[in-house]
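Residues per chain, in single letters:
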Amino acid sequence: MSELNLVLLGPPGSGKGTQGERLQEDLRLPYYATGDILRAAVRGETALGQTAQEYMDRGDLVPDEVIVGVIAERIDSNEALDGFILDGFPRTIPQAEALDAKLKELGRAVTAVLLIDVPDDELVRRLGGRRTCEENGHVFHVEFNPPEQEGVCDLDASRLIVRDDDKPEVIRKRLETYHAKTEPLVSYYDQRSELRRIEGAAPPDAVAEEIRRTLATMRLEQDETV
Ligand SMILES: [Zn+2]
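Residues numbered from 1 in each chain as written. Predicted model: local features only at pLDDT ≥ 70, side-chain atom pairs only at ≥ 80, totals over all residues. Heavy atoms only, no water.

Below, the discussion takes up helix α1 (residues 16-27). If you check α1, its first and last C-alpha atoms are 16 Å apart, about what 12 residues at 1.5 Å a residue would give, namely 16 Å. All of the buried residues in α1 are K16, Q19, G20 and L23. Considered in projection along α1, the buried side chains sweep an arc of 105° and stay on one side of the axis. Two residues or fewer after α1 comes R28, characterised by a positive phi angle close to 55°. (Helix = DSSP H or I, 4+ residues; strand = E, 2+ residues; numbered from the N terminus. Expected span 1.5 Å × (residues − 1). Buried < 20%, exposed > 50% of the residue type's maximum accessible area, 1.4 Å probe, protein only. Arc of directions from axis to C-beta.)

This is the structure in structure tokens:
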């Protein structure tokens, strides 16, 4: 079996994390959420982890090369021989280039970039339906997890409010930022024919099924070219 080195891309509310977890189970590949593996490197006190810690202690951003180094340490280990799923990195073209260069050093390459595509209106609907209990922060959703009585917390009868972060105009701003940052990256991977668009507005099971089909088709194509 050829290795499956995957990168997941998708806006907030796209269900990317859920799909990542399902992929991890289905394919039995390690799942690297960037924040988690940076924290793990710091806890494990590897040399790179210590370097990352120094930047974080100063309140500085951890440089791309250090993050790529931390990811490479994990990729270049027995756990990732058959592939890996990367979530949250790269976010910029320089990061994508650094990742490609590092993978090349290891004699590997990105197999596919799965972009979970969801229209903004649908994302606003998903993210904007959240209601938070004023007293204790219990979270509901008008559509996916509605309280028994509208506007009232099931657990402590406190008032449910729309937090500022969940207001439609704030969500649209966040999505604008996401698009501005991500579109160059999408083009980068599209030019390399690594991008696969997944229709993410469908229910989670259907999205998972489309990802499965996409990967199966890719495998067939790879086998034909070998
Ligand atoms: Zn509550």
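Structure shown, so let's carry the discussion forward.
The next subject is unusual backbone geometry. A cis amide bond links F89 to the next residue, P90, at an omega of 0°. Looking at the secondary structure, you find P90 in the loop between β3 (83-87) and α5 (93-105). With a phi angle near 60°, S193 is a residue other than glycine that sits in the positive phi range.

Attention now moves to the side chain of Q95. Within the fold, Q95 resides in helix α5. Relative accessible area serves as the criterion here: at 11%, Q95 is assigned to the buried category. A polar side-chain atom of Q95 sits 2.7 Å from the main-chain amide nitrogen of R91. Excluding anything up to four places from it in sequence, Q95 contacts D64, V68, F89 and P90. (Polar contact = N/O pair within 3.5 Å; in protein donor to acceptor, adjacent residues only side chain to side chain. Contact = heavy atoms within 4.5 Å.)

What follows concerns the coordination of the zinc ion. For the zinc ion, the protein coordination sphere consists of C133 (SG), H138 (ND1), C153 (SG), D156 (OD) and D156 (OD), at 2.0 to 2.6 Å. Counting the intervening residues between successive donors of the zinc ion yields the motif C-x4-H-x14-C-x2-D. Highlighted residues: H138 in the loop between β5 (130-133) and β6 (139-141) and D156 in the loop between β6 and β7 (160-161), separated in sequence by 18 residues. The partly exposed category is assigned to H138, whose relative accessible area is 25%. (Donors = N, O, S within 2.8 Å, 3.2 Å for Na, K, Ca; no water.)

We now examine the packing of aromatic side chains. In this structure the tally under the stated criterion is two aromatic pairs. Seen in terms of ring centroids, Y188 and Y189 are 5.1 Å apart; in terms of plane orientation they differ by 85°. Their pairing is edge-to-face. Residue Y188 is classed as buried on the basis of its relative accessible area, which comes to 7%. On the accessibility criterion, Y189 (0% relative accessible area) is buried. (Phe/Tyr/Trp six-rings, centres within 6.5 Å; stacked < 30°, edge-to-face > 60°.)

So, on to the sheet that holds strand β4 (residues 112-117). Taken together, five strands build an open sheet; the order of strands is β2-β3-β1-β4-β8 and the sheet is parallel. Either end of the sheet is taken by a strand with one partner, and the two such strands are β2 (31-33) and β8 (195-199). Along the sheet, successive strands turn relative to each other by an average axial angle of 25°, direction set aside. Relative to β3, β2 runs parallel, the two being bridged by three bridges. Paired with Y32 across the two strands is L86, which belongs to β3. (Pairing = 2+ DSSP bridges. Axes fitted to C-alpha atoms, helices over the stretch in contact; angles between N-to-C directions.)

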